[in-house]
Amino acid sequence: MIDRTPLVSVLDGSAADGEITVYGWVRTARSGKSVTFAEITDGSTSSSLQVVFHRDRFGDLSELTTGACVRITGRLVESPGQEQSRELEATGLQVIGPSGDDYPLQKKKHSLEFLRSIPHLRVRTNTFGAVFRMSHHLSLAIHRFFDENGFYFIHAPIITTSDAEGAGESFQVTSMPLDSVSLVDGRVDYTSDYFRRKAFLTVSAQLEAEPMALAMGKVYTFGPIFRADPSDTRFHTAEFWMIEPEMAFFDLDDDIRLIQEFVRYTARYLHERCGEEIAFFGRFYERELEERYRMLTASDFARITYTDAIDLIRRSGRHFEVAPEWGCEISTEYERFLTDEHFGSPVFVTDYPAAIKPFYMRLNDDGRTVACTDLLFPKVGEIVGGSQREERLEILGKRAEECGIDIGDYSWYFDLRRWGSAPHSGFGLGFERLLMYFTGMENIRDVIPFPRSRGRML
Ligand code: 4AD
Ligand code: MG
């Protein structure tokens, strides 16, 4: 067994008195006349431990280099330094995994762009350690919220036959070697493929969450989503995680209320548990970070219909690259105007034109808009997309047809409207975008351990 005291208990004072042994990685080492100081981290806390090596005791410290993995024995003493209250006075050192001058993280500061090229190492920096600790707490907050509110956690399939969003952004899954697919009359012969039909990686778990909700009441999924998104911005990635709750007997108003409660819960949860990380990001990345948490919990989020939003944007007198017109998407520049300028808060935009939304959203009485909402956040833009689902068989069939959907592929989905159909709603929240908001990180690739995006995969 390895006798080891984690740094978190060394630094919070709970470690036993006397000699202790710590394991970790050298963040920095600098030598003075008679002593050498090293900063050690082990991932158990965001802080590092300062270790003092008296050179009359340690002859050769040449292997105590940045990046090395070390085992250090010593005694905790009061630190004369300003930065920490206690430090470890070393009595023994063993270099377990040496590291040389070629270790890429030599400097104290590196650009995020450079760090993106070494995802296997960047997690050793303060920044990425803090990001992924917060990612952990956010995941737990999500599960806790739903558990406390009577939801069941569902594992949705990752391989599916549907393109739920109808946006044609799916990655195809096949066991056929693409360079020798069997063709019949010039077309791919799927009967020799693994599933004997076309299959995809899921773009949303919603369609599978619906049958579960229509039996279990309130369910949620929280899993990976894959999209060959044509947008390649700092908010888009090919592989991300989505939280998708689905609730029977919920209309759009109930859905919106739940979204707000959910987002607020996660903000309070992180604020209570991640004080050190939030202070760190506030200091080095986003001055207004505290304000972001306050904004989420202070008052109700704004709410506006799509039609009113377009009107507001048109009447704003602002110059936009593309002039807004009813029926267009809410582009980034409109989002910024609504969240950062006009409302200065998160805003629910509801009731979009049916023509720009998927077939499953419930048609409103006006016959041209659907009962849906996007939640837009200042700085980050769209965090959530949700809707009441079309529960009327006939209207669903019509909408599917208009959207060019092959109803035969979705017969099971239509069954839900044939037998015991019920009003129901749900939403999808992008985990990484929420984490961007909570950490102040400005690129989605900086909140994912091994990000995948167009033309980039390490
Ligand atoms: O708005 P979207 O496409 O909604 C759906 O897929 C619904 N079926 C969800 C549901 O009702 N169950 O995606 C939901 C959220 C977006 O608001 C955004 O936060 C995130 O998923 N998202 C992405 N995040 C990162 N990279 C991408 N390429 C993303 N596409 C969507
Ligand atoms: Mg959306």
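In short, a report on the structure. (Residues numbered from 1 in each chain as written. Chains lettered and ligands numbered in written order. Predicted model: local features only at pLDDT ≥ 70, side-chain atom pairs only at ≥ 80, totals over all residues. Heavy atoms only, no water.)

**Some details on the overall build of the chain**
Phase 1: Check the secondary structure of the chain and you find 13 helices and 18 strands.
Phase 2: Each of the three principal axes of the chain carries a C-alpha extent, and together these read 85 × 55 × 45 Å.
Phase 3: Across the 458 residues of the chain, 50% fall into the buried class.
Phase 4: If you take every contact in the chain between residues at least 6 apart in sequence, the share linking residues at least 24 apart comes to 66%.
Phase 5: As presented, the chain carries roughly 22,700 Å² of accessible surface, and 50% of it is formed by carbon and sulfur atoms.
Phase 6: Here the chain contributes 52 positive and 70 negative side-chain charges, whose respective centroids are spaced 4 Å apart. (Helix = DSSP H or I, 4+ residues; strand = E, 2+ residues; numbered from the N terminus. Buried < 20%, exposed > 50% of the residue type's maximum accessible area, 1.4 Å probe, protein only. Contact = heavy atoms within 4.5 Å. Areas by Shrake-Rupley, 256 points an atom, 1.4 Å probe, with all protein chains shown as cover. Lys, Arg positive; Asp, Glu negative; His and termini not counted. Charge placed at Lys NZ, Arg CZ, Asp CG, Glu CD.)

**Comments concerning unusual backbone geometry**
Phase 1: The phi dihedral of arginine 196 is positive, around 60°, even though this residue is not glycine.
Phase 2: Note on placement: arginine 196 falls in the loop between β10 (187–188) and β11 (199–201).
Phase 3: Judged by relative accessible area, which is 63%, arginine 196 ranks as exposed.
Phase 4: Despite not being glycine, aspartate 351 has its phi angle at roughly 55°, a positive value.
Phase 5: Topologically, aspartate 351 is positioned in the loop between β15 (347–350) and β16 (372–377).
Phase 6: Since its relative accessible area comes to 18%, aspartate 351 is described here as buried.

**A few points about the nonpolar core**
Phase 1: In terms of nonpolar packing, the biggest core is built from 60 residues, with Met134, Phe377, Leu429 and Phe438 touching the most fellow members.
Phase 2: Filtering out sequence-adjacent residues up to four positions away, phenylalanine 438 remains in contact with Met134, Leu138, Val263, Thr266, Ala267, Leu270, Leu289, Tyr293 and Leu296.
Phase 3: Residues Leu207, Met361, Ile405 and Tyr410 belong to the second largest nonpolar core, which totals 33 residues. (Core = buried A, V, L, I, M, F, W, Y, C linked by side-chain atoms within 4.5 Å.)

**Describing a nonpolar patch on the surface**
Phase 1: Together, Ile158, Ile159, Tyr194 and Phe195 give the surface a local cluster of nonpolar side chains, amounting to about 400 Å² of exposed area.
Phase 2: Mapping phenylalanine 195 onto the fold places it in the loop between β10 and β11.
Phase 3: A residue is classified by how much of its surface remains accessible, and phenylalanine 195, at 38% relative accessible area, is partly exposed. (Patch = residues over 30% accessible without salt bridge, like charges linked within 9 Å, V, L, I, M, F, W, Y side chains within 5 Å. Salt bridge = Lys/Arg side-chain N within 4 Å of Asp/Glu carboxyl O.)

**Notes on the packing of aromatic side chains**
Phase 1: Taken as a whole and assessed by the stated rule, the structure comprises 32 aromatic pairs.
Phase 2: With centroids separated by 5.2 Å and ring planes inclined at 50°, the aromatic side chains of phenylalanine 145 and phenylalanine 262 adopt a geometry described as tilted. Remark: phenylalanine 262 occurs in helix α6 (residues 252–273) and phenylalanine 145 occurs in helix α4 (residues 126–148); sequence separation between them is 117 residues. Accessibility classification places phenylalanine 145 together with phenylalanine 262 in one group, the buried group.
Phase 3: Taking the centre distance of 5.1 Å and the plane angle of 55° together, the rings of phenylalanine 280 and phenylalanine 284 count as tilted. Linking phenylalanine 280 with phenylalanine 284, this pair stays in helix α7 (residues 275–284), spanning four residues, or about one helical turn.
Phase 4: A residue is classified by how much of its surface remains accessible, and phenylalanine 284, at 40% relative accessible area, is partly exposed.
Phase 5: Of the aromatic side chains, those joined through ring pairs into one cluster are Phe145, Phe146, Phe151, Phe153, Tyr220, Phe262, Tyr265, Tyr269 and Phe427.
Phase 6: Against the face of tyrosine 269 rests arginine 273, its NZ or CZ located 3.7 Å from the ring centre.
Phase 7: We note arginine 368 situated over the ring of tryptophan 326; from NZ or CZ to the ring centre the distance is 4.0 Å. (Phe/Tyr/Trp six-rings, centres within 6.5 Å; stacked < 30°, edge-to-face > 60°. Lys NZ or Arg CZ within 6 Å of the ring centre and 35° of its normal.)

**So, the pairing of strand β12 (residues 218–226)**
Phase 1: Judged by how many residues are buried, β12 sits mostly within the fold: eight of nine residues are covered.
Phase 2: Both strand β6 (residues 152–153) and β12 contribute to a ladder of two bridges, which runs parallel. Following the sheet pairing, tyrosine 152 is matched in β12 by valine 219. (Pairing = 2+ DSSP bridges.)

**A short note on α7**
Phase 1: Those residues of α7 that fall on the buried side of the exposure criterion are Glu277, Ile278, Phe280, Phe281 and Gly282.
Phase 2: Here the buried face of α7 lies against α4, α6, α8 (289–298) and α13 (431–439).

**Here's the deal with the state of the cysteines**
Phase 1: Taken as a whole and judged by the stated rule, the model has zero disulfides.
Phase 2: We note that cysteine 328 lacks a disulfide partner, and the nearest cysteine sulfur, in cysteine 372, lies 14 Å from it. (Disulfide = S-S within 2.5 Å.)

**Focus on the pairing of strand β5 (residues 86–97)**
Phase 1: Taken together, the two bridges between strand β3 (residues 49–54) and β5 define a ladder with parallel strand orientation. For valine 52, the partnering residue across the bridge sits in β5 and is glutamate 89.
Phase 2: Here strand β4 (residues 69–78) pairs with β5 via ten bridges, running antiparallel. Each bridged residue has a counterpart across the sheet, and for isoleucine 72 the counterpart in β5 is leucine 93.

**As for the site of ligand 1**
Phase 1: What surrounds ligand 1 is a group of 22 residues, the closest being Glu165, Gln206, Glu244, Glu382 and Ile383.
Phase 2: Protein burial of ligand 1: of its 630 Å² of free accessible surface, 93% is covered by the chains.
Phase 3: At the level of secondary structure, the elements contributing two or more residues to the shell around ligand 1 comprise β13 (239–248), β17 (381–388) and β18 (424–430).
Phase 4: Among the elements that take part in the shell around ligand 1, β17 stands out by supplying four residues, more than any other. (Near = heavy atom within 4 Å.)

**Side note on the pattern of salt bridges**
Phase 1: Tallying each qualifying case throughout the model produces 22 salt bridges.
Phase 2: For glutamate 210, the salt bridge is made with arginine 417, and the minimal N-O distance between the two is 2.9 Å. With glutamate 210 in helix α5 (residues 206–216) and arginine 417 in helix α12 (residues 411–418), this residue pair connects regions lying 207 residues apart in the sequence.
Phase 3: With a relative accessible area of 6%, arginine 417 lands in the buried category.
Phase 4: Salt-bridge contacts for glutamate 286 lead to arginine 292; the nearest nitrogen and oxygen are separated by 3.4 Å.
Phase 5: A residue is classified by how much of its surface remains accessible, and arginine 292, at 9% relative accessible area, is buried.
Phase 6: It is possible to trace a salt-bridge network through shared partners that takes in Arg116, Arg122 and Asp446.

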